Amino acid sequence: MAEQPFTVAKVPVSSWSFAVRVWLATILALFVSFWLQLEAPTTAALTIAVLAEPTRGQALEKAGFRLLATVVGVAASIAITGFFSQARDLILAAFAMWLGICVFAAKLLDGYRAYAAVLSGYTVGFIATQQIDNPQHVFESGMSRGAAIAVGILSIAVVNTLMFAPDRQSRLVAQLAAIHHRVRKYASAAFHGEPDNSSTFLTLLRDIVTLRPEMASVALESSSGPVRSAAARSLAVGLVAELQAARTLSSGRAQSSDAEPDVSAQSDLFRRDQEVRQGLLALKSVNWPSRLWRAPLYRSYRIAAESGVRAALWCAIASMIYVWAGWPAASVSLSFVVLIIGLGATTPKPRAFTAIALIGTPIAALLAGVLEFIILNGADALPLLAIALAPFTVGAALLMTSKNLLWSSLGRVSLPYIMLMLAPSNPQTYNPQAFLFTCVFIGAAAALLLAAQILIPPVSDDKRRTWLLAEARSELRRRGPPNDEAPEEAMFRAASRIEQFLSAGGAQDSRALTEMLSCFDQSAMVRLRDAGRGVESAKAT
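For the structure given in this document, a descriptive report is provided here.

Reading the values: rules and limits
Residues numbered from 1 in each chain as written. Predicted model: local features only at pLDDT ≥ 70, side-chain atom pairs only at ≥ 80, totals over all residues. Heavy atoms only, no water. Helix = DSSP H or I, 4+ residues; strand = E, 2+ residues; numbered from the N terminus. Rg over C-alpha atoms; globule rule 2.2 N^0.38 Å. Buried < 20%, exposed > 50% of the residue type's maximum accessible area, 1.4 Å probe, protein only. Contact = heavy atoms within 4.5 Å. Areas by Shrake-Rupley, 256 points an atom, 1.4 Å probe, with all protein chains shown as cover. Axes fitted to C-alpha atoms, helices over the stretch in contact; angles between N-to-C directions. Parallel < 35°, antiparallel > 145°, perpendicular 65-115°, else oblique. Left-handed = near helix turned anticlockwise from the far one by under 90°. Nonpolar A, V, L, I, M, F, W, Y, C, P; charged D, E, K, R; others polar. Phe/Tyr/Trp six-rings, centres within 6.5 Å; stacked < 30°, edge-to-face > 60°. Expected span 1.5 Å × (residues − 1). Polar contact = N/O pair within 3.5 Å; in protein donor to acceptor, adjacent residues only side chain to side chain.

The next subject is the overall build of the protein chain. When you go through the protein chain residue by residue, the secondary structure sums to 20 helices and 2 strands. Since a compact globule built from 541 residues should have a radius of gyration of about 24 Å, the 26 Å found for the protein chain is in line with a globular shape. In the protein chain, which comprises 541 residues, the share counted as buried stands at 52%. Partitioning the intrachain contacts of the protein chain with sequence separation of at least 6 by distance along the chain shows that 79% fall at a separation of at least 24. Within the structure as shown, the protein chain displays about 24800 Å² of accessible surface, and the carbon and sulfur contribution to it stands at 63%.

Put into structure tokens, the structure is as follows:
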């Protein structure tokens, strides 16, 4: 049995430690922002809320991509306002197109790279659109935002270092070792002639592929991080290859009338298992693996393009409604529309994310109102602000660590929204009217975007499955991906396509799932056969 973690109030100590780190980093970011008299201290606190991740490597990787994406977003803001400063409609149209391009890029990436792509999009919303009537202030606004983000990044890095935030590498090694044990059990069943269990195969495949973003985070955790990251990637590719070899052996025995198994298939399975053992040893001993493989991600350009177009249309619809309404603070609300579009693009179900944002808005408004007008109630001392913020930031961070997707999502939404609505400043301005307007415009942004997504729905799961299956068929006819990919890398790439297919509800579409697995099997056999011929030809010459 797995050892149960030590808990306090039925919450693991690791979750409490994470929540306290988030609170301390928020206070440090605000203190430094007030001391430096930055124009946007709220942005520094928001940076902590966005970068709140349980391990040090994840926080550092996300911070690096956030800084890079902010630079890209500021440059895009300057370019868009520079070209179209005399025409508001053209600025909004160009901004919608830019957002669509960023969402397109995000759908071709995963992990924090996808987050960086959408951040490049909604940064323009917070800089260019909020300065749409004062384009000459775009540069100053961008520099102010960049300085606050840098303070937030440094604050969370210092707190994570001083409080010994856990690394991901030890747990990643344990996870990969556990998966290898399960793969060997699956292979043993195939070796002994038991019928193939497609459900077990798919579960293992998915568990391996979903670790891909975390393997990249390991690279920033220590000086040996790049070696660990490379070894983990190669090991993951080897696990997929071993899993496929076991499936091939099982399928061959099921189709053959002979009682004896295929000796060649057995030999291939043993060889794959030996490669995985060597890869696991290299990972544990922090050595470069003997076979250095990439772990490529499958990219569906059709799904990405559709998602980008729809995101641009949602932004355009919101912009037109705000222009027609003539609201004095429409640019602020439009910024939140763009923020929700961007963050939703990194989730499997953007409309569900918008619905959670809509539900979370009144909750965050109530909490922020209690914090500002009841607990603080005119106080302007930083120690009092720190004490008052503790239950709200710690509580939201604890929700983020929940295994329940709804509670976790509400925590993710509540933490930044509370900061946005409170808008910490030095001195704190207790303006009920401004607070009410902020809450109303955030809620209006979520409601308007949800209406736009009902009018123009996101790419449906049915379409995603259909397109992924069509692309698998097309790739099989073309005899696989580019020739510079090793067969094992091609298998991992195809496995990531199956994971995307399953994320789109593929488990309920048995006919399409069977065909997808058939394409996976055939493509693997073709690539391995072609690679074998290439080796024989090289030896002959």
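Next up on the list: the packing of helix H12 (residues 301-325) against helix H17 (residues 432-455). Axis separation between H12 and H17 bottoms out at 9 Å; the angle between their running directions is 125°. Between H12 and H17, the interaxial angle falls into the category oblique. Both H12 and H17 take part in a crossing whose hand is right-handed. Across the interface between the two elements, Trp314, Ile317, Ala318, Ile321 and Tyr322 from H12 touch Ala444, Ala445, Leu448, Leu449, Ala452, Gln453 and Leu455 from H17. Across the contact of H12 with H17, the residue classes tally to 11 nonpolar, 1 polar and no charged.

Turning our attention to the packing of aromatic side chains. Any aromatic ring pair is given by two values, namely how distant the centres are and how the planes are angled relative to each other. All told, the structure shown has 6 aromatic pairs when counted by the stated rule. Here the aromatic rings of Phe201 and Phe520 are separated by 6.1 Å at their centres, their planes lie at 55°, and the arrangement is tilted. Taken together, the residues Phe201 in helix H8 (residues 198-209) and Phe520 in helix H20 (residues 510-540) connect sequence positions 319 residues apart. No difference in accessibility class separates Phe201 from Phe520, as the two residues are buried. Consider the rings of Phe373 and Phe435, whose centres lie 5.3 Å apart with planes at 80°: the pair is edge-to-face. Taken together, the positions of Phe373 in helix H14 (residues 350-376) and Phe435 in helix H17 put the pair 62 residues apart, joining distant regions of the chain.

Right, let's talk about the side chain of Gln500 for a bit. Turning to its location among the elements, Gln500 is positioned in helix H19 (residues 487-503). For Gln500, a relative accessible area of 19% gives the class buried. Every residue in contact with Gln500, bar those within four places of it in the chain, is listed here: Leu297, Tyr298, Arg464 and Leu468.

Taking 1.5 Å per residue, 24 residues should reach 34 Å; H17 reaches 34 Å between its end C-alpha atoms and fits that length. Within the sequence span of H17, burial applies to Phe435, Cys439, Phe441, Ile442, Gly443, Ala445, Ala446, Leu448, Leu449, Leu450, Ala452 and Gln453. Where H17 begins, the side chain of Asn431 points an oxygen toward the backbone nitrogen of Gln433, at a separation of 3.0 Å.

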